[in-house]
Amino acid sequence: MEEYQVPQFIEVEDKIFGPLSLKQFVYVAGGIGLCVIILLSLPLYVGILLALPVALLSGGLAFYKINNKNLVDIIEAALTFYTKSRLYLWKKEEKPEAPQAPAPEAPVREKLVLTQGKLRELAWSLDIKDRQPGNP
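Conventions we followed
- Residues numbered from 1 in each chain as written.
- Predicted model: local features only at pLDDT ≥ 70, side-chain atom pairs only at ≥ 80, totals over all residues.
- Heavy atoms only, no water.
- Helix = DSSP H or I, 4+ residues; strand = E, 2+ residues; numbered from the N terminus.
- Buried < 20%, exposed > 50% of the residue type's maximum accessible area, 1.4 Å probe, protein only.
- Contact = heavy atoms within 4.5 Å.
- Areas by Shrake-Rupley, 256 points an atom, 1.4 Å probe, with all protein chains shown as cover.
- Lys, Arg positive; Asp, Glu negative; His and termini not counted.
- Charge placed at Lys NZ, Arg CZ, Asp CG, Glu CD.
- 1 Å grid on protein atoms, 1.4 Å probe; cavity = no way out; pocket = protein on both sides within 12 Å on 5 of 7 lines; lining within 4 Å.
- Points joined across faces, edges and corners; volume = space filled by probe spheres on them.

(A) Local environment of the overall build of the protein. Helix and strand counts for the protein come out as four helices and four strands. Scanning the protein from its N terminus toward the C terminus, one meets helices and strands in the order β-β-α-α-β-β-α-α. When its C-alpha atoms are laid out on the principal axes, the protein stretches across 105 × 65 × 35 Å. Burial statistics for the protein: of 136 residues in total, 10% are counted as buried. Sequence-distant contacts in the protein: of pairs separated by 6 or more residues, those separated by 24 or more amount to 29%. Of the roughly 13,500 Å² of accessible surface on the protein, 63% is carried by carbon and sulfur atoms. Separation between the mean location of the 15 positive side-chain charges and that of the 15 negative ones in the protein comes to 12 Å.

What follows is the structure, given as structure tokens:
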């Protein structure tokens, strides 16, 4: 019976350039190159303002992982999510109606009518109560 060697650690990328894999080296070298071009072609303060985000992005792409996923994969997933079209479906579930007792009818109230005379009488009574001594 023959025995075969089963490869282990197949998720680990090969380190080609010292402690960096090929992808990491490309991100770091590209970021450094772009930062040098920016700093040499623009005034110093503008160059630093533009080179800093480029350096942070290239460092993040090379080394930062979220839930064991590279930042490149996270950015790709985010762009795919925001650019693809979505279809929202809603299906109303039919529930069997339980027999309900009829609601009791509300007592019938007579309709209140406010006439000009009643309004004047109400306003006069409010004025009189406000002017009586002892009322705050």
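(B) Spatial organisation of unusual backbone geometry. Positioned with a positive phi, Asn67 is a non-glycine residue whose angle comes to about 50 degrees. Look at Asn67 and you get exposed, because its relative accessible area is 73%. Of note in this structure, Asn68 is not a glycine but carries a positive phi near 65 degrees. Among the secondary structure elements, Asn68 is positioned in the loop between β3 (65-66) and β4 (69-70).

(C) A look at the layout of surface pockets. Put simply, the largest pocket is a space of about 340 Å³. Glu11, Glu13, Gln24, Lys65 and Asn70 are the residues nearest the centre of the largest pocket, which is lined by 16 residues in total. For the lining of the largest pocket, the secondary structure elements donating two or more residues are α1 (22-41) and α2 (44-63).

Keep in mind these values describe shape, not function.
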